[in-house]
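Each chain, letter by letter, is given below.
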Amino acid sequence: MLNRPKTQEQVCRECFFTAFEEEVHQTIVDNKLFKHGERLAVAASGGKDSTVLAHIMSTLNARYNYGLDLFLLSIDEGITGYRDDSLETVKRNEQQYGIPLKVVSYKELYGWTMDEIVSQIGTKNNCTFCGVFRRQALDRGAVLMGANKIATGHNADDVAETVLLNILRGDVPRLGRCANIITGEDSSLPRVKPFKYAYEKEIVLYAYYKKLDYFSTECIYAPFAARGFAREFIKDLEAARPLAIIDVIRSAEDFVFAAASDEKLPQPRTCERCGYISSQPVCKACVLLEGLNRGMPRLGVSRTRGRRGEKAGLHPDVGRGGGGGSSGPAEVASESAEAASTMPAERQGGGVAQAPAGGEGGAAPTTAGCADDGLPRFEAWASGAAGAGGQTAAEKVARAAVRQRGPVEIVYETT
Ligand code: SF4
C-alpha cells in the first residue's frame, strides 16, 4: 500500500497506476486536448516528467484509440555533463516506447551552445537565454517534423509556481493565461499540458514503481534559478494542505481581470528576422543572439529601455523591457533573481513588507498574501498599465516574503 500525495488515500500500486492514468485521460478528454489523426510532438528531456508523459501518452493513445501520431522531440542545449547524458536516456526511451525521436540543438539553430553562452554571460542570466532559446527551438523542431501540437510535461506544481511568480511580479497579462491548459490555441502550433493537474510527487511515484528509465540529475547551471524559492514555497503549502496546489491553480483559472489588462496582451506577429512568433518586430531570441554575436551578451537581458538600447547601436527593439512574446518562466526566474540580489538586507527577514508607490507607467495595485492558516489567499487587481519600476519593487518585497516562508502579507500600494 502507498499513500497518494494528492488525496492522502491508501491505495495499492495497481490502483494508484489506474487512478493516475485515468485522471490524465480525464484531463485530456474534458479539455479536448487532441483530435484524432493529429501529429503530436512530446517534448522529451529525459527527466521524470517528460519520461512519464511519453509513457502515459503512448499507453493512453493505444488504450483509448486517440489516433495520435506521436514522436519525441528533444532539445540539445549543449550543456556538457547534463544534457549529453540525459539525451542518452531519451534515446533509450525511443526504443522502449517505440516512439521516434527528433533532436534539435542550440548549436545548429543559433550557433551557440549553453556552455559557450555561460562562458560569456556567467551563471546569473543563463536561464534567460536558455528558456527563450528552448521555447523557440521546440517550435522549430515541431514545425520541421510536421507536428500539429506540442505536449509538455508541465505538472500541477509547475503551474502553481508560475501562478505565484506572476502574482509576485504583478504580471497581470501573464497571470491571466499562465494556468491555461492549452496555450497558443489560435496558432498553428498549440501547446498542451496533459499533466496540469498531476502532482509532481505522484509523477515521481509513478516513474519509480513503473521502473521507468529517466534521468534525475539537475542541470549544472540550475542552482542560480530563482524558481527554486517559489518551488519551496509551494512545497510548504502542500505540506500544510496537499490540495493547496490545486487550489492555487483553480484560483488562477477563476481570476477575472479588468478590461484594461486585456489591452496589454501582446498581439501575435512574426519576427522580421527569423520569422518565428513574436510580440515585437524582433523576437527575444534574435535580440539575445544579437547581444551574443556582438560580444555584448548582457545587453539582451538588461532592463534597458528606449534610448539606452538605441545609444548602444542596437536594433530599436533591443532593450525593450519585457521582451518578445517568446520569453518564458525561466526569464521570470532570472529576473526575480536579479531583483533579489539587489534587495536591501533589512527587507529579507521582514514579516510584513511594503513596497513604495511610484512604479513607472502608472497604477497597478497588486496584493498577494497568505492567511495565517498557511493556505493561499491570492488576489490581484489591475487598473492601468503596470510599470517596470513598480514591478521591480514588488519583486523585491515579494522575494523577502517568500524567503520568510511563513504567513506573509505583501502590499504594493500605488496612488
Ligand atoms: Fe537551461 Fe537554466 Fe534549465 Fe539549465 S536550469 S536547462 S540553463 S533553463
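Residues numbered from 1 in each chain as written. Predicted model: local features only at pLDDT ≥ 70, side-chain atom pairs only at ≥ 80, totals over all residues. Heavy atoms only, no water.

- The name given to the protein in an unreviewed UniProt entry is Cytoplasmic tRNA 2-thiolation protein 1, and the organism recorded there is Chlamydomonas reinhardtii.
- Turning to the protein, the UniProt record has this under Pathway (unreviewed entry): "tRNA modification; 5-methoxycarbonylmethyl-2-thiouridine-tRNA biosynthesis."
- What UniProt records for the protein under Sequence similarities (unreviewed entry) is the sentence "Belongs to the TtcA family. CTU1/NCS6/ATPBD3 subfamily." (UniProt positions renumbered as here; feature names shortened; annotations may be inferred.)

### Let's talk about the UniProt feature "domain: Cytoplasmic tRNA 2-thiolation protein 1 C-terminal" (unreviewed entry) in the protein
Turning to step 1, where the next piece is worked out: UniProt records the feature "domain: Cytoplasmic tRNA 2-thiolation protein 1 C-terminal" (unreviewed entry) at residues 270-299, using the numbering of this structure.
Turning to step 2, where the next piece is worked out: The annotated region residues 270-299 carries 33% helix and 10% strand content, and the separation between its end C-alpha atoms amounts to 22 Å. (Helix = DSSP H or I, 4+ residues; strand = E, 2+ residues; numbered from the N terminus.)

### Considerations on the environment of Ile56
Turning to step 1, where the next piece is worked out: By the element assignment, Ile56 lies in helix H2 (residues 48-63).
Turning to step 2, where the next piece is worked out: Ile56 sits 36 residues away from Phe20 along the chain, and the two C-alpha atoms are 9.5 Å apart.
Turning to step 3, where the next piece is worked out: Excluding residues within four positions of it along the chain, Ile56 makes contact with Phe20, Glu21, Val24, Asn61, Phe195 and Tyr206. (Contact = heavy atoms within 4.5 Å.)

### Notes on the environment of Val159
Turning to step 1, where the next piece is worked out: By the secondary structure assignment, Val159 is in helix H7 (residues 156-169).
Turning to step 2, where the next piece is worked out: Note on Val159: relative accessible area 3%, which makes it buried.
Turning to step 3, where the next piece is worked out: Each C-alpha atom of the pair Val159 and Ile245 lies 8.7 Å from the other, and the pair is 86 residues apart in sequence. (Buried < 20%, exposed > 50% of the residue type's maximum accessible area, 1.4 Å probe, protein only.)

### Considerations on the pattern of salt bridges
Turning to step 1, where the next piece is worked out: For the coordinates displayed, the defined rule picks out 30 salt bridges.
Turning to step 2, where the next piece is worked out: Across the pair Arg4 and Glu23 runs a salt bridge, and its minimum N-O distance is 2.9 Å. Taken together, the positions of Arg4 in the loop between strand E1 (2-3) and strand E2 (10-11) and Glu23 in helix H1 (residues 13-30) put the pair 19 residues apart, joining distant regions of the chain.
Turning to step 3, where the next piece is worked out: Glu23 sits in the partly exposed class, given a relative accessible area of 30%.
Turning to step 4, where the next piece is worked out: Between Arg231 and Glu200 there is a salt bridge, with the nearest N and O atoms lying 2.6 Å from each other. You can see Arg231 sitting in helix H10 (residues 227-240) and its partner Glu200 sitting in helix H9 (residues 200-209), a full 31 residues away along the chain.
Turning to step 5, where the next piece is worked out: For Arg231, a relative accessible area of 22% puts it in the partly exposed group.
Turning to step 6, where the next piece is worked out: Members of the salt-bridge network, linked through shared partners, are Lys48, Asp49, Asp157, Asp158, Glu161, Glu200, Lys201, Arg231, Lys235 and Glu238. (Salt bridge = Lys/Arg side-chain N within 4 Å of Asp/Glu carboxyl O.)

### Brief notes about the packing of H1 against H2
When two helices pack together, their arrangement is given by the angle between their axes and by how far apart the axes lie.
Turning to step 1, where the next piece is worked out: As a packed pair, H1 and H2 sit with axes 11 Å apart at the nearest point and diverge in direction by 75 degrees. In terms of their interaxial angle, H1 and H2 are classed as roughly perpendicular. Of H2, the residues touching H1 (which contributes Phe20, Glu21, Glu22, Val24, His25 and Ile28) are Val52, Ile56, Met57, Leu60 and Arg63.
Turning to step 2, where the next piece is worked out: Grouping the amino acids of the contact of H1 with H2 by side-chain chemistry returns seven nonpolar, one polar and three charged. (Axes fitted to C-alpha atoms, helices over the stretch in contact; angles between N-to-C directions. Parallel < 35°, antiparallel > 145°, perpendicular 65-115°, else oblique. Nonpolar A, V, L, I, M, F, W, Y, C, P; charged D, E, K, R; others polar.)

### Quick word on the site of the ligand
Turning to step 1, where the next piece is worked out: Around the ligand lies a shell formed by Asn126, Cys127, Cys130, Arg134, Cys219, Tyr221 and Ala222.
Turning to step 2, where the next piece is worked out: For the shell around the ligand, the class distribution of residues is five nonpolar, one polar and one charged. (Near = heavy atom within 4 Å.)

### Things to note about the packing of helix H6 (residues 126-144) against helix H13 (residues 284-293)
Turning to step 1, where the next piece is worked out: Closest axis-to-axis distance for the H6/H13 pair is 9 Å, and the angle between their directions is 130 degrees. Comparing their axes, H13 and H6 come out oblique. Pair H6 / H13 crosses with left-handed handedness. Packed against H6, whose contacting residues are Thr128, Phe129, Val132, Phe133 and Gln136, the element H13 presents Lys284, Ala285, Leu288, Leu289 and Leu292 at the interface.
Turning to step 2, where the next piece is worked out: When its residues are assigned to classes, the contact of H6 with H13 shows seven nonpolar, two polar and one charged. (Left-handed = near helix turned anticlockwise from the far one by under 90°.)

### Thoughts on the sheet that holds strand E7 (residues 182-183)
Turning to step 1, where the next piece is worked out: In spatial order, the strands read E5-E4-E3-E6-E8-E7; together these six strands make up an open sheet with mixed pairing. The open sheet has two edge strands with one neighbour each: strand E5 (101-105) and E7.
Turning to step 2, where the next piece is worked out: The sheet contact formed by strand E4 (residues 69-76) and E5 spans five bridges and is parallel. Residue pairing across strands places Leu73 opposite Lys102, the latter belonging to E5.
Turning to step 3, where the next piece is worked out: Along the sheet, helix H3 (residues 83-97) contacts E4 and E5; its crossing angle with E4, the most-contacted strand, is approximately 165 degrees. (Pairing = 2+ DSSP bridges.)

### Considerations on the nonpolar core
Turning to step 1, where the next piece is worked out: Counting residues in hydrophobic clusters, the biggest one holds 38 residues, and the most contacted among them are Tyr106, Ile117, Phe129 and Phe133.
Turning to step 2, where the next piece is worked out: Looking at this core, the elements that each hand over two or more residues are strand E3 (39-43), E4, helix H4 (106-110), helix H5 (114-121), H6 and H13.
Turning to step 3, where the next piece is worked out: Per-element tally for this core: the top contributor is H6, with seven residues.
Turning to step 4, where the next piece is worked out: When residues of this core are assigned to domains, at least three fall in each of domain 1 (2-254) and domain 2 (269-413).
Turning to step 5, where the next piece is worked out: Setting aside chain neighbours within four positions, we find Phe133 in contact with Tyr106, Tyr110, Ile117, Ala285, Leu288, Leu289 and Leu292.
Turning to step 6, where the next piece is worked out: Membership of the second largest hydrophobic core comes to 37 residues, among which are Leu33, Leu40, Ile99 and Leu212. (Core = buried A, V, L, I, M, F, W, Y, C linked by side-chain atoms within 4.5 Å. Domains from an automatic or database assignment.)

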